[in-house]
Amino acid sequence: MIRHEAEKYSRKKLEVLQLQRLRALVQRVYAKVPFYRKAFDRAGLKPKHLTGLSDLARFPFTTKADLRDHYPFGMFAVPMRQVVRGHASSGTTGKPTVAGYTRKDIKTWGELMARALVSAGATEHSIVHNAYGYGLFTGGLGAHYGAEALGATVVPVSGGQTQRQVMLLQDFGADILCCTPSYALNLAEVGEQMGVDWSKLKLKAGIFGAEPWSERMRAEIERRLHLKAIDLYGLSEIIGPGVACECVEAQAGLHVYEDHFLAEIIHPDTGEVLAPGEEGELVFTTLTKEAFPLLRYRTRDLSRLNPEPCACGRRLRRMERVSGRSDDMLIIRGVNVFPSQIEHVLLKVEGLEPHYQIIVDRVENLDTLEVRIEMSDRLFSDEMKELDRLTRKIEHDIKDYLGVSAQVKLVEPRTIARSEGKAQRVMDRRKI
Ligand code: DLL
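Residues numbered from 1 in each chain as written. Predicted model: local features only at pLDDT ≥ 70, side-chain atom pairs only at ≥ 80, totals over all residues. Heavy atoms only, no water.

K.L.:
Just to check I follow, could you spell out the sheet that holds strand β21 (residues 426–428) for this structure?
P.N.:
Across the sheet, 4 strands lie side by side as β20-β19-β18-β21; this open sheet has mixed pairing. Each edge of the sheet is formed by a strand with only one pairing partner; in this case those strands are β20 (407–411) and β21. Averaged over all pairs of adjacent strands, the angle between their axes in this sheet comes to 15°, without regard to strand direction. Note that strand β19 (residues 366–375) and β20 share 5 bridges and pair parallel. Counterpart to V371 in the pairing with β20 is V408. Across the sheet, helix α9 (residues 339–347) is in contact with β18 (352–363), β19 and β21; its angle to β18 comes to roughly 135°. (Pairing = 2+ DSSP bridges. Helix = DSSP H or I, 4+ residues; strand = E, 2+ residues; numbered from the N terminus. Axes fitted to C-alpha atoms, helices over the stretch in contact; angles between N-to-C directions. Contact = heavy atoms within 4.5 Å.)

If you want it as structure tokens, here you go:
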């Protein structure tokens, strides 16, 4: 099933619509968002210089740093009374990245997530078990509004209490599961330990995203949970989940909802626009968003665009599964974490040396985070009890600041290898 006509538009028809929306967007941001007015002026550009889609490449990028500089609401293009919702995700340092939505934006988002659910095989008869976290994170409410827009029955369980989730999946008979791919494996395992035969459940498809995963994980999730595992992509800055999604027919790349988001692939170092099929950084321009429009937003996600037609009948281009990042952001148990945030916490604690290591691993489908920090000579001579207290405090501060728990280990002075160039502080040992 295909939910919206635009998913089948010819390239020509789609581009006419994109250009019309893009011209309106450029005018709107120039008039309403001082950041864009200044950026255009600096580049010697006016909205009228955008006459064709290819002119977009002349316009400036927007980065996460730009959003940080205008924290919290400085990038909004409407007065606050029109903003009905705010979400947030991790910034590179202390402050989160904030996204705002008008009533119309919320409706658009719900429609796009309904599209994604339909492309995974959901219908208005579906029961959607939504285990994405509800809150500032866009996963929970994004999938929730999508399921409601579709007319399905949504079960808003959010994250956690895994045994109870397994019970609800059995009792309510959900056919669609929404959660991160690593949580899907966690559910599978807990269910198996409870003696559940997953093949007896009604689950048909799972719509998984918010963190990197692989074909190997897809095969394992499908085998253990007896469902089709569909890749769903999005980011808070652009709208949340529902920027692109795979179709159940082909499961070969994620159709980008190009009538709302214009996608480019650029070279992460030079910023040059790359040809379809080449790998680089994804850049999105929001064509319809009202509260928080973004022009050429650099996602830092690496992928490539595939213009080939798809077996499902959708003509929207497909982005390949995200293969990595062009910055150092980690996603740990679904939470976006920048090493700079951990450093920020450590630097506030007296008696620590600026030598640390961050070790990420995956044990029984759960991400683990370990932070090793060198003590100063003075601290090293302290009593065990005192060191224990300090360890707990740092663990608490990290959890408080980042929202993810870490195991902290204070190590002896001069035991962390010194770098001979760029410090190698992060070790990601996960095999996904
Ligand atoms: O993770 C939105 C989302 C929620 C997407 C639920 C899908 C499902 P943020 O918290 O802003 O938003 O994190 C966005 O997560 O830039 C990618 O690096 C990563 N990411 C999201 N989806 C995928 C995916 C949500 N399918 C960041 N594969 C993005 C790989 C993904 N990485």
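Resuming the write-up.
K.L.:
Sorry, what's going on with the environment of R42 here?
P.N.:
Topologically, R42 is positioned in helix α2 (residues 34–42). Residue R42 is classed as exposed on the basis of its relative accessible area of 68%. Taking C-alpha positions, R42 is 19 Å from R298, a pair spaced 256 residues apart along the chain. (Buried < 20%, exposed > 50% of the residue type's maximum accessible area, 1.4 Å probe, protein only.)

K.L.:
I would appreciate a short explanation of the layout of surface pockets in the present structure.
P.N.:
Summary: where empty space remains is shown by rolling a probe the size of a single water molecule over the atoms. Taken as a whole, the second largest pocket spans an internal volume of roughly 350 Å³. If you trace the second largest pocket, you find 18 residues lining it, with L262, A263, E264, V273 and R317 closest to the centre. When its residues are assigned to classes, the lining of the second largest pocket shows 11 nonpolar, 2 polar and 5 charged. (1 Å grid on protein atoms, 1.4 Å probe; cavity = no way out; pocket = protein on both sides within 12 Å on 5 of 7 lines; lining within 4 Å. Points joined across faces, edges and corners; volume = space filled by probe spheres on them. Nonpolar A, V, L, I, M, F, W, Y, C, P; charged D, E, K, R; others polar.)

K.L.:
Just checking my understanding: could you explain the sheet that holds strand β5 (residues 176–179) for this structure?
P.N.:
Hydrogen bonds along the backbone pair up the strands of a sheet, which may run parallel or antiparallel. Pairing in this open sheet of 9 strands is mixed, and the strands run β4-β3-β5-β6-β7-β8-β9-β14-β13 from one edge to the other. Edge strands, defined here as strands with exactly one partner in the open sheet, are β4 (153–155) and β13 (305–306). Pairing analysis gives 2 bridges linking β13 to strand β14 (residues 318–319), with the strands arranged antiparallel. The residue of β14 that forms the bridge with N306 is R318. Each of β5 and β6 (205–209) touches helix α7 (residues 181–193); the most contacted strand, β5, lies at about 120° to it.

K.L.:
How do you make sense of the packing of α7 against helix α8 (residues 215–225) when you look at a structure like this?
P.N.:
For any two helices packed against each other, the geometry is given by the interaxial angle and the distance between the axes. Running from N to C, α7 and α8 cross one another at 35°; their axes reach a closest spacing of 10 Å. You can see that α7 and α8 cross each other, and the crossing is left-handed. Facing α7, whose interface residues are P181, S182, A184, L185, A188, E189 and E192, α8 presents M217, E220, I221, R224 and L225. Split by residue class, the contact of α7 with α8 holds 7 nonpolar, 1 polar and 4 charged. (Left-handed = near helix turned anticlockwise from the far one by under 90°.)

K.L.:
Is there a simple way to explain the state of the cysteines in this structure?
P.N.:
Covalent bonding between the sulfur atoms of two cysteines is what defines a disulfide. Applying the stated criterion to the full structure yields 0 disulfides. With no disulfide partner, C178 has as its closest neighbouring cysteine sulfur the one in C179, 7.8 Å distant. Judged by its relative accessible area of 0%, C178 is buried. Take C245: it sits in no disulfide, and the sulfur closest to it among the cysteines is that of C247, at 8.6 Å. (Disulfide = S-S within 2.5 Å.)

K.L.:
Please clarify how the packing of α9 against helix α11 (residues 384–402) should be interpreted in this entry.
P.N.:
Contact geometry for α9 and α11: axes closest at 10 Å, N-to-C directions at 135°. By the angle between their directions, the pair α9 and α11 is classed as oblique. Once α9 is placed against α11, the crossing between them reads as right-handed. Residues Q341, I342, H344, V345 and L346 of α9 lie in contact with α11, whose contacting residues are I394, D397, I398, Y401 and L402. (Parallel < 35°, antiparallel > 145°, perpendicular 65-115°, else oblique.)

K.L.:
Would you take a moment to explain the domain arrangement of the protein for this structure?
P.N.:
For interface size, the figure often reported is the accessible area lost on association. What the domain assignment lists for the protein is domain 1 (68–327) and domain 2 (335–428). Once you take the C-alpha centre of each, domain 1 and domain 2 turn out to be 31 Å apart. Counting residues at the interface gives 14 residues for domain 1, matched by 9 residues for domain 2. Between domain 1 and domain 2 the total buried area reaches about 1,000 Å² when both faces are included, carbon and sulfur atoms providing 42% of it. When residues of domain 1 are sorted by the area they lose upon contact with domain 2, S90, T92 and E189 head the list and together hold 38% of the total. At the junction of domain 1 with domain 2, the criterion picks out 0 salt bridges. Where domain 1 touches domain 2, the interface holds 2 residue pairs in polar contact (both at pLDDT 80 or more). (Domains from an automatic or database assignment. Buried area = accessible area lost by both parts, 1.4 Å probe. Salt bridge = Lys/Arg side-chain N within 4 Å of Asp/Glu carboxyl O. Polar contact = N/O pair within 3.5 Å; in protein donor to acceptor, adjacent residues only side chain to side chain.)

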